[in-house]
Amino acid sequence: MKTFIYAFDTRWGALVLALFGSVLGAVVSWLLSARRMPASYRIAVLGFPRTGKTTLITALFAYLFREGVRGASIVPRGDETIQRINADMEQLELGRPIGPTTDQDVFAYRAEVRVPSVLTSRRYKLEIGDFPGESTVTFTEQYGDWLHRTKYFEWAISADAFMFVLDTGSILSDQTGEYVARQKRAFRAAWQRLQEHYLEGSADLAKRPLILVFSKADFLLLPRSELRWPEVLKKIPSMVSVDEARIDHEALDLRSRFADLIEYFERESRRFAIVFASVFVDVDGERLGVPRIARYIMPRSTFWPVGRQGSTIPSARP
């Protein structure tokens, strides 16, 4: 009897050891593969020409380079990205205008992000897409008043996060309402085209970050009478420090004019946010809106900028 019990215990012990070894081997294999095989994270920046998309992307990179993200390192990849980012950051630092993207269809800023964790570092291949900044006339001749008909949208449709960009100066100077109506129509149609695309797969578009950015929000600080002159909209402003509460107060009219689009996005997305941004407005030592964009648009599990603006992240609605 004792011999039988001993043999039984030995067999079970060997089985437990074999199972433990198998699980341990699988874990080690997963950790090694996670280290070797970086994930991809794509951000699509959408908006009509001359809305400040390239400037926002440059400010975002400048913020991430300076502040860091939860001990992570972010390294641009490829000569084009390295040269363009650093050249544009120089222009930003000097207070000069950043020229529009001139690539034919799309330019993707590429970087690798490594985030340390307890067992191993996680890696992401980050891509931020920028649409060519042609003149509005050229854009209309090619695509009409639709963003989803562009070649760039074919790249953007598989993105992990989306940023729609509006020009605050153009909104405030819009006396007829035509600019506002055009933006709302195009943004709704683009989102609906994305929804149509996601109907065929298992991914849930509603869980992907969606930001509506009012760029060039420094125009909110100008008297409305000055916005009637086209040369004012083209002038590069000086850096100004303000309390963010003032921007929020001045922005009430913009929220009201886009209320129907905002309500639509809030209903259709669980990760929707509104951000007022400007590279010429300083709030607590940071460019207005840039820290908030970083917190909303980057992967929650690994990115966590330490800036002061946007100290909370909205929870997903059920």
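Scroll up to find the structure this text is about.
Residues numbered from 1 in each chain as written. Predicted model: local features only at pLDDT ≥ 70, side-chain atom pairs only at ≥ 80, totals over all residues. Heavy atoms only, no water.

### What to know about the pattern of salt bridges
Operational definition: Basic side-chain nitrogens of Lys or Arg form a salt bridge, by our definition, when they fall within 4 Å of a carboxyl oxygen of Asp or Glu. In this description a helix means any DSSP run of H or I spanning at least four residues, a strand means any run of E spanning at least two, and both kinds are numbered starting from the N terminus. Throughout this description, buried means an accessible area under 20% of the type-specific maximum (1.4 Å probe, protein chains only), exposed means over 50%, and partly exposed covers the range between.
Inspection of every chain in the model, using the stated rule, returns 13 salt bridges. Between aspartate 260 and lysine 184 there is a salt bridge; the shortest N-O distance is 3.1 Å. On the criterion of sequence distance, the pair formed by aspartate 260 in helix 11 (residues 259-268) and lysine 184 in helix 7 (residues 178-198) is long-range, its members being 76 residues apart. Aspartate 260 sits in the partly exposed class, given a relative accessible area of 39%. As a salt-bridge pair, glutamate 244 and arginine 292 come within 3.1 Å of each other at their nearest N and O atoms. A residue pair is termed long-range when its members are at least 10 positions apart, and glutamate 244 in helix 9 (residues 244-250) and arginine 292 in helix 12 (residues 290-297) qualify at 48 residues.

### Details of the packing of helix 2 (residues 53-67) against helix 3 (residues 79-93)
If you want to describe how two helices pack, look at the angle between their axes and the distance between the axes. The criterion, for reference: Only the stretch in contact is used when fitting a helix axis, every axis being a line fitted to C-alpha atoms; angles between N-to-C directions are given from 0 to 180 degrees. Roughly parallel here means an angle under 35 degrees, roughly antiparallel means over 145, roughly perpendicular means 65 to 115, and every remaining angle is called oblique. Whether two residues touch is decided by their heavy atoms; if any such pair falls within 4.5 Å, the residues are in contact. Each residue gets one label: Ala, Val, Leu, Ile, Met, Phe, Trp, Tyr, Cys and Pro are nonpolar, Asp, Glu, Lys and Arg are charged, and the others, such as Gly, are polar.
For the pair helix 2 and helix 3, the least separation of the axes is 9 Å and the interaxial angle reads 95°. One way to sum up the angle between helix 2 and helix 3 is to call them roughly perpendicular. Residues Thr54, Thr55, Thr58, Ala59, Phe61, Ala62 and Phe65 of helix 2 form the contact with helix 3, whose own contacting residues are Ile85, Asp88, Met89 and Leu92. The residue makeup of the contact of helix 2 with helix 3, split by class, is seven nonpolar, three polar and one charged.

### Digging into the sheet that holds strand 4 (residues 122-130)
Condition: Being paired, for any two strands, means DSSP has found at least two bridges between them.
Taken in spatial order, the seven strands make up an open sheet running 2-3-4-1-5-6-8, and their pairing is mixed. Strand pairing shows two members of the sheet lacking a second neighbour, strand 2 (73-76) and strand 8 (272-276), which therefore form its edges. If you compare each strand with its neighbour and ignore which way they point, the axes differ by 20° on average. With six bridges connecting them, strand 5 (residues 161-167) and strand 6 (residues 210-215) associate as parallel partners. By the bridge assignment for strand 6, valine 165 is matched with valine 213. On top of the sheet, helix 3 reaches strand 2 and strand 3 (107-115); it is set at about 95° to strand 3, its chief contact. Strand contacts of helix 7: strand 5 and strand 6, with the helix running at about 170° to strand 5, the strand carrying the most contacts.

### Observations regarding the packing of aromatic side chains
Definition in use: Side-chain rings of Phe, Tyr and Trp, where Trp is taken by its six-membered ring, are said to pair if the distance between their centres is within 6.5 Å; with planes under 30 degrees apart they count as stacked, over 60 as edge-to-face, and otherwise as tilted. For a Lys NZ or an Arg CZ to count as sitting over a ring, it must be within 6 Å of the ring centre and within 35 degrees of the ring normal.
Counted by the stated rule, this structure contains twelve aromatic pairs. With a centroid separation of 6.0 Å and an interplanar angle of 90°, the aromatic rings of phenylalanine 162 and tryptophan 191 are classed as edge-to-face. Taken together, the residues span a long stretch of sequence, with phenylalanine 162 in strand 5 and tryptophan 191 in helix 7 at a distance of 29 residues. Looking at phenylalanine 162, the relative accessible area reads 0%, which means it is buried. For the pair tryptophan 191 and phenylalanine 265, a centre-to-centre distance of 6.0 Å together with 75° between the ring planes defines the contact as edge-to-face. In this pair, tryptophan 191 is assigned in helix 7 and phenylalanine 265 in helix 11, connecting sequence segments 74 residues apart. Grouping residues by exposure puts tryptophan 191 and phenylalanine 265 together as buried. Ring pairing ties together the aromatic residues Phe162, Phe164, Phe187, Trp191, Tyr264, Phe265 and Phe272, which thus form one cluster. Taking the ring centre of phenylalanine 48 as reference, the NZ or CZ of arginine 182 above it sits at 3.9 Å.

As far as function goes, none of this settles anything; it's purely spatial.
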